[in-house]
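These are the residues of each chain, in order.
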Amino acid sequence: MAYAYLFKYIIIGDTGVGKSCLLLQFTDKRFQPVHDLTIGVEFGARMITIDGKQIKLQIWDTAGQESFRSITRSYYRGAAGALLVYDITRRDTFNHLTTWLEDARQHSNSNMVIMLIGNKSDLESRREVKKEEGEAFAREHGLIFMETSAKTASNVEEAFINTAKEIYEKIQEGVFDINNEANGIKIGPQHAASNATLAGNQGGQQAGGGCC
Amino acid sequence: MNTAMGPLQRQLRAGEYEIFQYAPIFESDFIQISKRGEVVDVHNRVRVVTVGVACTSPALLVPNVLLLARPVVPSEESRGRRGPPAKALELTRLLPLRFVKISVHDDEMLQLRLKLASGRSFYLQLCPQGDAHYELFDMWVKIINLLRPPAEGSHGGQALPGDPGAFGEPLFHGISQDTTGSLESLAPEEGGPDALSVRSLRTPSPSRDDPGSSRSRTPPSLSPSLPQKPPSVGRGSQRGGSAGERRSQAGSPGGSPAPQERSQGSHGSSPSSKKKESSRRADRGGGATRSKSSQSRGRTPSRILSLVKSLSRVSLSRPPKEKKKRR
C-alpha cells in the first residue's frame with residue numbers, strides 16, 4: 001500500500017516487559033500470553049493516518065536479554081522513534097531505564113522521539129513503580145510517557161500513534177531532514193514529488209489505524 | 001543461466017529496510033515441519049518460510065544474519081487485477097547468526113534444523129525445486145559448514161569486530177533445553193510448495209565496510225545485473241534436465257519419486273520409507289561433487305555458484321568432522 005512516509009521504530013527495554021506483546025497488540029490486535037524469547041529482531045508493520053497522510057510504521061522489536069544487546073543495539077541506527085518499555089510490576093526494569101536510554105541515544109540519531117512506556121498497567125495489584133515515577137523520569141529526560149497494557153490493549157494504539165505524531169511534528173518543524181534516511185524516515189514513492197510543499201502544511205491531526 | 005535475485009532480496013531492494021537494501025542474500029523457500037518431518041498445521045496446509053542468509057556489511061566475508069519472511073496474503077485489490085498477483089513477502093525476523101545454529105536435520109529429506117540461542121529448535125524442509133533442489137540443498141549444506149562457529153571449525157576471525165550478528169564467538173550459553181518450536185509467528189495461511197525460489201548471493205564489495213550506510217556506496221555494477229525476468233525456478237521449470245536425470249539415474253534405480261512427491265511424502269513419512277530413500281540415494285556421492293557437476297552443467301544461478309565456490313574455498317580449510325555423510 002502506498003504511504004506518504006515510513007517511520008522506523010525500535011522497541012527496547014528489559015526482557016519480559018512486554019515489548020513483543022505490545023507489537024502484537026498493535027499490529028494484530030491480539031494478546032499472546034506466552035511468547036518466545038526474542039532473539040535478534042522481530043519485525044512488524046502497520047499503516048496509520050496522521051493529518052490525512054498514510055504513514056507506515058516499520059517496527060523493530062528487539063531482544064531485551066542482556067546477552068543479545070551488544071548485537072541488537074547495532075540495529076537502533078536509523079530509527080525515528082523508540083518505545084522504551086518497562087514493567088510497572090518489576091522495579092528492576094524501571095531502574096535499568098537509564099542504561100537503555102544511554103544505549104538508545106548513543107546508537108541512534110539525536111532527534112529520535114522516545115516514548116517511555118510503563119507496561120502491564122492491568123496488573124495494578126502488583127504495581128511496584130508508581131505512575132508518577134514514570135512521569136518524572138520522562139520529564140527529566142525529555143521523553144513522552146504513557147502507561148499501557150498489551151493485555152487489555154489500553155493505550156497501545158495511543159503509544160504508537162502519539163510517537164508518530166511527535167515525529168510528524170518534527171518533520172513539519174524541519175527538525176528531521178526527511179531526505180536523510182539515517183533519520184529513520186523514508187518518503188513514500190507517491191509523496192516524493194510533493195515533498196517540497198510539505199512545509200507549512202500543518203493542520204489538525206487525526207490518527208487511525210489499519211493493518212497494512 | 002539464471003542470475004536473478006530472489007523475491008526477498010528483490011523486495012528488500014526497494015529500500016524499506018535500508019540496512020538490507022543492498023545486502024547479498026542467499027535465500028530459499030522452506031516448509032515448516034515438525035521434528036518428525038510432518039507438516040505443522042492443523043489444516044494440513046504447508047507453511048512456507050522464506051529463509052535467507054545475508055551480509056549486512058559488505059566487509060564481511062561470511063553472512064552474519066538469518067532473515068525470515070513469509071508470504072503476504074494478497075489483498076482484495078490485487079486479487080481483482082488480471083493475472084496472478086506478484087509474490088509479496090513480509091519480513092518477520094532477523095536472527096543474528098551468532099545466536100542461531102543451523103544444521104542438517106535430515107539430508108535425505110532436505111531438512112534443516114534451526115536451533116536458537118534460547119534452546120528452541122525449528123525444522124524446515126526445502127521446498128521442491130524441480131530437479132535442482134538437491135543441488136540447492138547441497139549449497140545450504142555448504143553454507144552451514146561455513147557458518148560453523150570457530151570452535152567447531154578451523155577458521156576463525158571471519159567476522160569483524162563489532163559486526164552486528166557476526167559470529168566471532170558462540171553465544172549458546174542460554175541453551176538449557178531443547179524444545180521444538182512451532183514458528184507460530186511465521187506461519188502463513190497462504191502459500192504452498194508453488195512458492196519456490198532459488199536465489200542469489202552477491203559477492204560483496206570489499207570497499208564497503210559500513211553495514212548501515214551501504215546504500216550510498218553500492219557499486220554501480222550491481223544495477224545492470226538486476227534480473228530481466230523473474231527467476232521462475234519452480235517445480236518442473238527450466239531446471240529439469242540432466243542434473244535431475246543424473247540424480248534419478250544414479251540414485252533411484254527402482255524409480256525414485258519426483259522431487260515434489262518426496263516433499264509431500266515427507267509430511268507423514270515413516271522411518272522405513274526414509275531408509276528406502278536413503279538406499280535410493282546411496283550412490284549419489286557427496287554434495288560438493290554434485291554441486292561441482294551442476295556448476296559445470298550451468299544449471300545453477302551464477303551467484304549461488306560464486307557463493308558455493310567461495311564457501312568451498314573456506315570449507316577446505318576446516319576439518320569436515322561434523323559433516324553428515326549421505327549414505
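None of the values given here were measured: they were computed from a predicted structure.

> Whenever I open this one, the overall build of chain A confuses me. Can you help?
Each helix and strand counted, chain A has six helices and eight strands in total. For chain A, the N- to C-terminal ordering of α and β elements is β-α-β-β-α-β-α-α-β-α-β-α-β-β. Per-residue burial for chain A yields a buried fraction of 55% across its 212 residues. A sequence separation of at least 24 residues applies to 76% of the contacts in chain A between residues at least 6 apart. Of the roughly 8500 Å² that chain A leaves accessible, carbon and sulfur atoms contribute 46%.

> Teacher, can you tell me more about the pattern of salt bridges here?
It is possible for side chains bearing opposite charge to pair when their charged atoms get close. Residue and element names in this part refer to chain A. Taken as a whole and judged by the stated rule, the model has 16 salt bridges over all chains. R30 is the partner of D28 in a salt bridge, and the nearest nitrogen-oxygen pair spans 3.5 Å. Between K29 and E157 there is a salt bridge; the shortest N-O distance is 3.1 Å. A residue pair is termed long-range when its members are at least 10 positions apart, and K29 in the loop between α1 (19-28) and β2 (41-50) and E157 in helix α6 (residues 156-173) qualify at 128 residues. One salt-bridge network, in which partners are shared between bridges, spans E66, R69, R73 and D103.

> What's the story with unusual backbone geometry in this structure? I'm lost.
A negative phi holds for most residues other than glycine; trans holds for most peptide bonds. All names here are of chain A. Unusually for a residue other than glycine, K120 sits at a positive phi of about 70°. By the secondary structure assignment, K120 is in the loop between β5 (113-119) and α5 (131-141). Positive phi outside glycine occurs at A153, with the angle close to 75°. Looking at where A153 falls in the secondary structure, it is placed in the loop between β6 (144-147) and α6.

> Would you mind going over the interface of chain A and chain B with me for this structure?
One frequently used descriptor of interface size is the decrease in accessible area upon assembly of the parts. The interface is formed by 22 residues belonging to chain A together with 31 residues belonging to chain B. Carbon and sulfur atoms supply 57% of the area that chain A and chain B bury against each other, a total of about 2200 Å² over both sides. Viewed at the interface, chain B and chain A are joined by three salt bridges. At the surface where chain A touches chain B, the tally comes to seven residue pairs in polar contact (both at pLDDT 80 or more). The biggest single contributor to the side of chain A that touches chain B is helix α2 (residues 66-72) of chain A, with four residues. Its residues assigned to classes, the side of chain A that touches chain B comprises 11 nonpolar, five polar and six charged. Here β2 of chain A pairs with strand β4 (residues 89-96) of chain B via two bridges, running antiparallel. Across the sheet, the residue bridging to E42 of chain A is R93 of chain B, located in β4 of chain B.

> Would you take a moment to explain α5 of chain A for this structure?
Residues and elements named next belong to chain A. Taken residue by residue, α5 has G134, F137 and A138 as its buried positions. For α5, the angular spread of the buried residues around the axis is 95°, confining them to a single face. Turned more than 90 degrees away from the buried face of α5 sit E132, R139 and E140, all of them exposed. Buried positions along α5 lie against β4 (81-87), α3 (91-95), α4 (97-107), β5 and β6.

> Which parts of the structure should I look at to understand the packing of aromatic side chains?
Two aromatic rings, taken as a pair, are described by how far apart their centres are and by the angle between their planes. Here the structure, examined in full by the defined rule, presents 16 aromatic pairs over all chains. One aromatic cluster is present, built from ring pairs that chain together F43, W60 and Y75 of chain A together with Y17 and F20 of chain B. The ring centre of W60 of chain A lies 3.8 Å from the NZ or CZ of K8 of chain A, which sits over that ring. When the ring centre of W100 of chain A is taken as reference, the NZ or CZ atom of R69 of chain A above it lies at 3.6 Å.

> Please explain the environment of K130 of chain A as it appears in this structure.
Within the secondary structure layout, K130 of chain A lies in the loop between β5 and α5. Residues K130 of chain A and G118 of chain A, spaced 12 residues apart in sequence, show a C-alpha to C-alpha distance of 9.4 Å.

> Mind showing me how you'd approach the pairing of strand β5 (residues 100-106) of chain B here?
Regular strands place side chains that alternate from one sheet face to the opposite one. Direction of pairing for β5 of chain B relative to strand β6 (residues 111-116) of chain B: antiparallel, over a ladder of six bridges. Of the residues in β6 of chain B, the one forming a bridge with K101 of chain B is K115 of chain B.

> Help me out: how do you make sense of the nonpolar core in this one?
Nonpolar side chains in soluble globular proteins generally cluster together in the buried interior. Core analysis: the biggest nonpolar cluster contains 72 residues, and W60, L84 and L116 of chain A together with F20, L66, L67 and W140 of chain B have the highest contact counts within it. Take this core: its biggest share by element is eight residues, from helix α3 (residues 133-146) of chain B. Not counting chain neighbours up to four residues away, the residues in contact with L116 of chain A comprise L84, Y86, L97, G134, F137, A138, L143, I144, F145 and M146 of chain A. Counting 35 residues, the second largest nonpolar core, distinct from the first, contains I11, C21, M115 and I187 of chain A.

> What should I look at first to understand the confidence of the model for chain A in this one?
Note that predicted coordinates carrying low pLDDT should not be read in detail. Of all residues in chain A, 89% have pLDDT values of 70 or greater, and the mean over the chain is 89. Overall, residues 196-212 of chain A carries pLDDT values under 50, and its contacts beyond four positions in sequence, including any with other chains, amount to 40 contacts.

> Please explain α6 of chain A as it appears in this structure.
An α-helical segment advances 3.6 residues per turn. Residues three or four places apart therefore align on the same side. The end-to-end C-alpha separation of α6 of chain A is 26 Å, in line with the 26 Å expected for 18 residues at 1.5 Å each. In the stretch just after α6 of chain A, G174 of chain A is the one whose phi turns positive, near 85°.

> Sorry, what's going on with the environment of H105 of chain B here?
Residues and elements named next belong to chain B. Within the secondary structure layout, H105 lies in strand β5. On the accessibility criterion, H105 (22% relative accessible area) is partly exposed. Sequence spacing of H105 and E18 is 87 residues, and the spatial spacing of their C-alpha atoms is 33 Å. Here K35 takes part through its backbone oxygen, which lies 2.7 Å from a polar atom of the side chain of H105.

> Honestly, the pairing of strand β3 (residues 53-62) of chain A in this entry has me stumped. Any pointers?
Residues and elements named next belong to chain A. By the criterion of burial, β3 is predominantly enclosed, with nine of the 10 residues buried. When β2 meets β3, the two strands line up antiparallel, connected through 10 bridges. When the bridges of β3 are listed, R46 appears paired with L57. With antiparallel pairing between neighbouring strands as the criterion, β2 and β3 make up a hairpin whose turn holds two residues, including D51 at a positive phi of roughly 55°.

Conventions and cut-offs
- Residues numbered from 1 in each chain as written.
- Chains lettered and ligands numbered in written order.
- Predicted model: local features only at pLDDT ≥ 70, side-chain atom pairs only at ≥ 80, totals over all residues.
- Heavy atoms only, no water.
- Helix = DSSP H or I, 4+ residues; strand = E, 2+ residues; numbered from the N terminus.
- Buried < 20%, exposed > 50% of the residue type's maximum accessible area, 1.4 Å probe, protein only.
- Contact = heavy atoms within 4.5 Å.
- Areas by Shrake-Rupley, 256 points an atom, 1.4 Å probe, with all protein chains shown as cover.
- Salt bridge = Lys/Arg side-chain N within 4 Å of Asp/Glu carboxyl O.
- Buried area = accessible area lost by both parts, 1.4 Å probe.
- Polar contact = N/O pair within 3.5 Å; in protein donor to acceptor, adjacent residues only side chain to side chain.
- Nonpolar A, V, L, I, M, F, W, Y, C, P; charged D, E, K, R; others polar.
- Pairing = 2+ DSSP bridges.
- Arc of directions from axis to C-beta.
- Phe/Tyr/Trp six-rings, centres within 6.5 Å; stacked < 30°, edge-to-face > 60°.
- Lys NZ or Arg CZ within 6 Å of the ring centre and 35° of its normal.
- Core = buried A, V, L, I, M, F, W, Y, C linked by side-chain atoms within 4.5 Å.
- pLDDT = per-residue confidence, 0-100.
- Expected span 1.5 Å × (residues − 1).

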